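# Descriptive analysis of the structure
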There are 2 protein chains.
Amino acid sequence: MAETKKTQMLDTAVSTRIRLARNLANYPFPHRMTAEQKEAVVREVTDALFSANKTIGQTFHATKIADMPQAEALYLVEQHLISPEFAETPDGVVLRDDSGTVSIMLNEEDHIRIQVVLPGAALDEAMETANRIDDLLDEKLRYAFDERLGYLTQCPTNLGTGLRASVMVHLPVLTDQRAIGSLSAALSKLGMTVRGIYGEGSEARGKMYQISNQVTLGLSEQEAVESLKTVVAQVMEQEAQAREKVFAASPAAFDRVCRALGTLQYARLLSGEEFMELVSDVRMGLCAGALEGMTPGDVDQLIAQAQPATILHRLGRNLSAQERDRERADFVRAAVRSVQPAE
Amino acid sequence: MAETKKTQMLDTAVSTRIRLARNLANYPFPHRMTAEQKEAVVREVTDALFSANKTIGQTFHATKIADMPQAEALYLVEQHLISPEFAETPDGVVLRDDSGTVSIMLNEEDHIRIQVVLPGAALDEAMETANRIDDLLDEKLRYAFDERLGYLTQCPTNLGTGLRASVMVHLPVLTDQRAIGSLSAALSKLGMTVRGIYGEGSEARGKMYQISNQVTLGLSEQEAVESLKTVVAQVMEQEAQAREKVFAASPAAFDRVCRALGTLQYARLLSGEEFMELVSDVRMGLCAGALEGMTPGDVDQLIAQAQPATILHRLGRNLSAQERDRERADFVRAAVRSVQPAE
């Protein structure tokens, strides 16, 4: 039972993201740079990466946003590998590794933004990967660094560690119970923020939230990550307890997750919005042990694959809105075919 | 193809009802009768029926409404074997035959109301059964009959033939297209009415309607039945054509019937109202050939079995509203398990 509970609690975590902001000492920040300077930054960083005498550097490939089909750029946004703003930056260059979990945005808000995205709760692992890339670049480049302040960044909110660590959590029950507002207020006092699925300014879709550290100055990366881990564990435990109560209280919760499954298994047209609502219920049902035949991690992969630009990217052609809804319904139906109520 | 179309059109008909109103010459109408007179009428009619030298009379059994559990009376209403008003008439007596398709209400609005309810479009067959019982009673009893007017009834709208013939039809597409109002207006000019599923004053549930003759004076039973048959065939054809267009026009209709099926196959709680909406869609899907694994006639049986009092009657005990919704969901889920989209 204790084992099950632990697993169920961890299921609440969807993914982990580490982002390190770095700048080169010998250039102005990107918003003040000339086109030539931007190109020079791209050259310096890519040279540093590709010439590195370590395997990690060899697995990357560089693409300029301007050279990508728009669907591909939007697909990278949906996979959280680049920011929505960066997708609109023609002279931005993204370095991606083969695993699809690491990206480096060049000339976004800062010269260098190293990003690692891993499934589940994996702060230590993600931090380790980010640090390896950071060290590798640090060997060859001269970072803008101040002994007292730490890493210098364009926006003062990133000054110091340049680190933003975040865990995406699925909080369906707390959302239904309208507990996210007070949770957010409490976390803000601890220097953490709670945001919707696509980061700042976007609404929570599928009842998924990013919990991230806000403080970058006056503490170490390790301290920031440790306090985030503690907070996320508490939030996940809160969700798990609330979920247990809701499923024990009445058959309505079981009915709801079963119905969501039924619709996903039978719908022939499925909008992105409705999909997110229903798949959130199905994920909750799997976490609660009310449904079986798929892991919450499988659901998270399905969610990523069913996003609009990701569908277009996979098919390699444009679709009308209805064609896309049909494509999504077909894809989702096949993916959830073997899920069944646990009875 | 012509064959298929014919079948699909006929599927629109849910059930057929014949009702004959008769009164005995030597008693006042029920609303002016004493308790003794009512008892005398019951005695006369049951004696006539049970003493009849024909098998049909022997298959009936009599029950006084006052002697029935309320759930049983409501169950008979749901099965269209007695009227809602009659279920509230303690001294009313109902004679039912073993087949569950024939009933005789004694001391409802008239002394005798012979009712035959058959699945599908079966006006001739139902009329024949009603006539056999009518003849059998006529042999032994003295009906209130006027050579010029015909059978005398308490309400002048039944005077003449005393016949109400009706066909229950399922008109989901015409309902969605808001065509029932104009259909009803057109039929009223032909002396027909269109009503919701439980007759006068009740709303259409599950997009099912009774089309019935209104005129009882100045035409024969046969004429009334023939003109009803013609009208019903036209309405069914109209629905079938509209349905064909809707399913050909876009995948939305297919999506809708699949979703309805998904919910019925997965819901754990199902209100009567939601069930009627969803099962109407599933029935439409079966009629359109979009779903398979069950006949529209099976659906009609399921509808009858999933009505609230019928559930209580079957279980033989009282249930809370939520227990009933759970019972309905379980029953329906098992019944539609083998239905699948036709692809």
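In this report, we go over the structure that sits alongside the text. Every value quoted in this text rests on a predicted model; they were computed, and no experiment measured them. (Residues numbered from 1 in each chain as written. Chains lettered and ligands numbered in written order. Predicted model: local features only at pLDDT ≥ 70, side-chain atom pairs only at ≥ 80, totals over all residues. Heavy atoms only, no water.)

Bringing the relation of the copies chain B and chain A into the picture now. For the match of chain B to chain A, the screw axis carries a shift of 0.0 Å, the RMSD comes to 0.0 Å, and the turn is 180 degrees. Here the transformation between the copies is reduced to the relation of a two-fold axis. Considering only C-alpha atoms, the residue of chain B closest to the rotation axis is Gly262 of chain B, which sits at 2.2 Å. Mapped onto chain A, 100% of the interface residues of chain B are again interface residues, and the two copies thus contact each other with one and the same surface. (Least-squares fit on C-alpha atoms with pLDDT ≥ 70 in both. Contact = heavy atoms within 4.5 Å.)

This part takes up the environment of Gly120 of chain A. Residues and elements named next belong to chain A. The topology assignment puts Gly120 in the loop between strand 5 (112-119) and helix 6 (123-140). Along the primary structure Gly120 and Val77 are separated by 43 residues, whereas in three dimensions their C-alpha atoms are 19 Å apart. In this view, Gly120 contacts Ala13, Val14, Ser15 and Thr16; residues no more than four positions away in its chain are not counted. (Helix = DSSP H or I, 4+ residues; strand = E, 2+ residues; numbered from the N terminus.)

All names here are of chain B. Ordered in space as 2-3-4-5-1-8-10-9, the eight strands form an open sheet in which the pairing is antiparallel. Each edge of the sheet is formed by a strand with only one pairing partner; in this case those strands are strand 2 (60-64) and strand 9 (192-195). Taken pair by pair, the neighbouring strands of this sheet meet at an average axis angle of 20 degrees, ignoring direction. Of the strand pairs in this sheet, strand 2 and strand 3 (residues 93-97) are connected by five bridges, and their pairing is antiparallel. Opposite Lys64, over in strand 3, you have Val93 as the bridge partner. Seen against the sheet, helix 7 (residues 180-189) touches strand 9 and strand 10 (208-213) and runs at an angle of roughly 155 degrees to strand 9. The strands touched by helix 10 (residues 272-287) are strand 1 (13-22), strand 8 (163-170) and strand 10; relative to strand 8, the strand with the most contacts, the crossing angle is about 80 degrees. (Pairing = 2+ DSSP bridges. Axes fitted to C-alpha atoms, helices over the stretch in contact; angles between N-to-C directions.)

Let us look at the sheet that holds strand 9 (residues 192-196) of chain A. Residues and elements named next belong to chain A. Spatially, the eight strands line up as an open sheet ordered 2-3-4-5-1-8-10-9, and their pairing is antiparallel. The sheet is open, and its two edges are formed by strand 2 (60-64) and strand 9, each paired on a single side. Direction aside, neighbouring strands of the sheet carry axes that sit 20 degrees apart on average. Lying on the sheet, helix 8 (residues 180-189) is in contact with strand 9 and strand 10 (208-213); it crosses strand 9 at an angle near 145 degrees. Across the face of the sheet, helix 11 (residues 272-287) comes into contact with strand 1 (13-22), strand 8 (163-170) and strand 10 while running at roughly 80 degrees to strand 8.

With that settled, the discussion passes to the interface of chain B and chain A. The partner chain A presents 23 residues to the 23 residues of chain B that form the contact. In this assembly, chain B packs against chain A so that about 1800 Å² is buried in total across both faces, 54% of it on carbon and sulfur atoms. Sorting the residues of chain B by area buried against chain A places Arg259, Tyr266 and Arg268 of chain B first, and these three jointly supply 42% of that buried surface. Counting across the interface, chain B meets chain A through two salt bridges. A salt bridge links Glu274 of chain B to Arg259 of chain A; its shortest N-O distance comes to 2.7 Å. At the boundary of chain B and chain A, one finds twelve residue pairs in polar contact (both at pLDDT 80 or more). Those elements that provide at least two residues to the side of chain B that touches chain A are helix 9 (252-266), helix 13 (321-335) and strand 12 (340-341) of chain B. (Buried area = accessible area lost by both parts, 1.4 Å probe. Salt bridge = Lys/Arg side-chain N within 4 Å of Asp/Glu carboxyl O. Polar contact = N/O pair within 3.5 Å; in protein donor to acceptor, adjacent residues only side chain to side chain.)

As a further point, take the packing of helix 6 of chain A against helix 9 (residues 221-249) of chain A. Residue and element names in this part refer to chain A. Packing of helix 6 against helix 9 brings their axes to within 11 Å, and their N-to-C directions diverge by 155 degrees. When the axes of helix 6 and helix 9 are compared, the pair comes out roughly antiparallel. Between helix 6 and helix 9 lies a crossing of right-handed hand. In this structure, helix 6 contributes Leu123, Asp124 and Met127 to the contact, and helix 9 contributes Glu221, Val225, Glu226, Leu228 and Lys229. (Parallel < 35°, antiparallel > 145°, perpendicular 65-115°, else oblique. Left-handed = near helix turned anticlockwise from the far one by under 90°.)

Further remarks concern helix 2 (residues 35-51) of chain B. The first and last C-alpha atoms of helix 2 of chain B sit 24 Å apart over 17 residues, in line with the 24 Å expected at 1.5 Å per residue. For helix 2 of chain B, the complete set of buried residues consists of Lys38, Ala40, Val41, Val42, Val45, Thr46, Ala48 and Leu49 of chain B. (Expected span 1.5 Å × (residues − 1). Buried < 20%, exposed > 50% of the residue type's maximum accessible area, 1.4 Å probe, protein only.)

Further remarks concern the packing of aromatic side chains. Any pair of aromatic rings gets described here by the distance separating the centres and the angle formed by the planes. All names here are of chain B. Counted under the stated rule, the structure contains four aromatic pairs over all chains. Relative to Tyr151, the ring of Tyr143 lies with its centre 5.9 Å away and its plane at 80 degrees, an arrangement referred to as edge-to-face. Here Tyr143 falls in the buried class, since its relative accessible area comes to 8%. Residues Phe145 and Tyr151 carry aromatic rings whose centres are separated by 4.9 Å and whose planes lie at 70 degrees to one another, so their mutual orientation is edge-to-face. By relative accessible area, Phe145 is classed as partly exposed at 42%. (Phe/Tyr/Trp six-rings, centres within 6.5 Å; stacked < 30°, edge-to-face > 60°.)

So, on to the side chain of Thr101 of chain B. Topologically, Thr101 of chain B is positioned in the loop between strand 3 and strand 4 (102-106). Dropping the residues within four chain positions of it, Thr101 of chain B is found in contact with Leu81, Gln115, Val116, Val117 and Leu118 of chain B.

All names here are of chain B. The N-to-C vectors of helix 12 (residues 308-315) and helix 13 enclose an angle of 85 degrees; their axes lie 10 Å apart at closest approach. It follows from the interaxial angle that helix 12 and helix 13 lie roughly perpendicular. In this structure, helix 12 contributes Pro308, Ile311, Leu312, Arg314 and Leu315 to the contact, and helix 13 contributes Arg324, Glu327, Arg328 and Phe331. Of the residues belonging to the contact of helix 12 with helix 13, the class tally is five nonpolar, no polar and four charged. (Nonpolar A, V, L, I, M, F, W, Y, C, P; charged D, E, K, R; others polar.)

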